[in-house]
Amino acid sequence: MFGISMDSNPANKEYAQKIGVTFPLLSDWKREVVKAYGIYDPTKSDYAMRTTFVIDKDGIIQHIKEGNEAVDPTSAIDACNLLTHKKATQ
Amino acid sequence: MTIRTGFAILIILAAAVYTAAQSAPTQSAAPTKPATPPPAPHTTLKVGDPAPDFNLPSTIVDANSKTVRYKLSDFKGKKNVVLAFYVLAFTGG
């Protein structure tokens with residue numbers, strides 16, 4: 001599990017400490033990853049859409065949640081459970 | 001013009017003014033168009049697409065106080081990965 005934002009890494013470190021996040025936060029300072037994932041919006045000033053991706057072990061996207069839906073991790077957790085289940089049955 | 005005629009004209013005028021006032025469009029509020037927000041950007045990726053690789057610095061530091069970088073491809077064949085893109089730190093996003 002990773003959190004990604006366009007903040008500088010020092011800002012992310014401070015943020016991680018403040019909210020006590022248990023997973024690593026990644027800094028996409030150069031906006032390369034938000035662009036690669038197609039969620040960078042140049043029409044707004046420097047804005048990336050809130051989105052959650054679940055990627056399986058083969059590097060394939062298995063689940064996408066966008067906008068406010070992405071705030072609720074339930075669906076992402078469900079997708080993870082599904083992947084875990086898939087693994088167990090394989 | 002006799003007084004009677006003048007009076008009649010006055011009444012007609014008054015009636016006309018009254019009717020005009022009645023039929024005048026009332027000061028209704030301008031039709032409020034629901035503010036349609038600009039369409040939110042959507043990811044160009046779809047379920048089933050390969051996830052673009054990345055190599056980014058993280059909030060994790062190693063034993064030598066060096067920032068740990070994570071590469072998506074490092075997890076290939078090992079782990080499922082959840083990527084949560086959030087707006088910007090300190091925005092509650």
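Starting from 1, residues in each chain are numbered consecutively following that chain's sequence as written. Think of it this way: whatever chain is written first is A, whatever ligand is written first is 1, and the rest follow in order. Given that this is a predicted model, residues contribute local features only at a pLDDT of at least 70 and side-chain atom pairs are listed and counted only at 80 or more, while totals for whole chains, interfaces and linings are drawn from all residues.

**Points about the overall build of chain B**
In this description a helix means any DSSP run of H or I spanning at least four residues, a strand means any run of E spanning at least two, and both kinds are numbered starting from the N terminus. Within chain B, the regular secondary structure consists of one helix and three strands. In sequence order, the secondary structure elements of chain B are arranged as α-β-β-β. Exposure classes come from backbone-placed C-beta atoms, where a residue is buried if 20 or more other C-beta atoms lie within 10 Å of its own, exposed if 12 or fewer do, and partly exposed in between. Relative to its 93 residues, chain B shows a buried fraction of 14%.

**So, the interface of chain A and chain B**
Taken residue by residue, the interface counts 47 residues in chain A and 37 residues in chain B. Breaking the side of chain A that touches chain B down by element, the ones donating at least two residues are strand 1 (2–5), helix 1 (9–19), strand 2 (25–27), helix 2 (32–36), strand 5 (51–55), strand 6 (61–66) and helix 3 (74–89) of chain A. With six residues, helix 1 of chain A is the single largest residue contributor to the side of chain A that touches chain B. Its residues assigned to classes, the side of chain A that touches chain B comprises 26 nonpolar, twelve polar and nine charged. When strand 5 of chain A meets strand 3 (residues 81–85) of chain B, the two strands line up antiparallel, connected through five bridges. Directly across from Val54(A), in strand 3 of chain B, lies its bridge partner Val82(B). The contact criterion used here is simple: two residues whose C-beta atoms, placed from the backbone, lie within 7 Å are in contact. Side-chain classes are defined by residue name, with Ala, Val, Leu, Ile, Met, Phe, Trp, Tyr, Cys and Pro counting as nonpolar, Asp, Glu, Lys and Arg as charged, and the others, Gly among them, as polar. Here the rule is simple: two strands pair whenever DSSP picks up at least two bridges between them.

**Some thoughts on unusual backbone geometry**
Residue and element names in this part refer to chain A. Positive phi, close to 65°, is recorded for Arg31, a residue that is not glycine. As for its placement among the helices and strands, Arg31 is situated in the loop between strand 2 and helix 2. Of the residues examined, Arg31 has 13 C-beta atoms within 10 Å and is grouped as partly exposed.

**Structural notes on the pairing of strand 5 of chain A**
All names here are of chain A. Counting buried residues along strand 5, five of its five residues qualify, which places the element largely inside the surrounding structure. A two-sided burial pattern is seen for strand 5, the buried positions comprising Thr51, Phe53 and Ile55 on one face and Thr52 and Val54 on the other. In this sheet, strand 6 lies alongside strand 5 in antiparallel orientation, the contact comprising five bridges. Across the sheet, residue Phe53 finds its bridge partner in strand 6, namely Ile64. Hairpin connection from strand 5 to strand 6: five residues lie between these consecutive antiparallel strands, with Gly59 at a positive phi of about 80°.

**What to know about the confidence of the model for chain B**
If pLDDT is low for a region, its predicted coordinates should not be looked at in detail. All names here are of chain B. The pLDDT averaged across chain B works out to 78; a share of 59% of its residues lies at or above 70. pLDDT expresses how confident the predictor is about each individual residue, on a scale running from 0 to 100. The secondary structure element of chain B with the lowest average pLDDT is helix 1 (residues 3–23), at 69, and the one with the highest is strand 2 (residues 67–71), at 96. For this predicted complex, the interface confidence reaches an ipTM of 0.82, while the overall pTM sits at 0.69.

**Observations concerning helix 1 of chain A**
Within helix 1 of chain A, the full set of buried residues consists of Asn12(A), Lys13(A) and Tyr15(A). Each buried residue of helix 1 of chain A sits inside an arc of 165° when the element is viewed along its axis, so together they form one side. Opposite the packed face of helix 1 of chain A, turned more than 90 degrees from it, sit the exposed residues Pro10(A), Gln17(A) and Lys18(A). In the core, the buried residues of helix 1 of chain A are packed alongside strand 1 and strand 2 of chain A together with strand 1 (55–61) of chain B. A positive backbone phi angle near 65° is found at Gly20(A), which sits one or two residues after helix 1 of chain A. Throughout, the arc means the angular range of directions from the helix axis out to the C-beta atoms.

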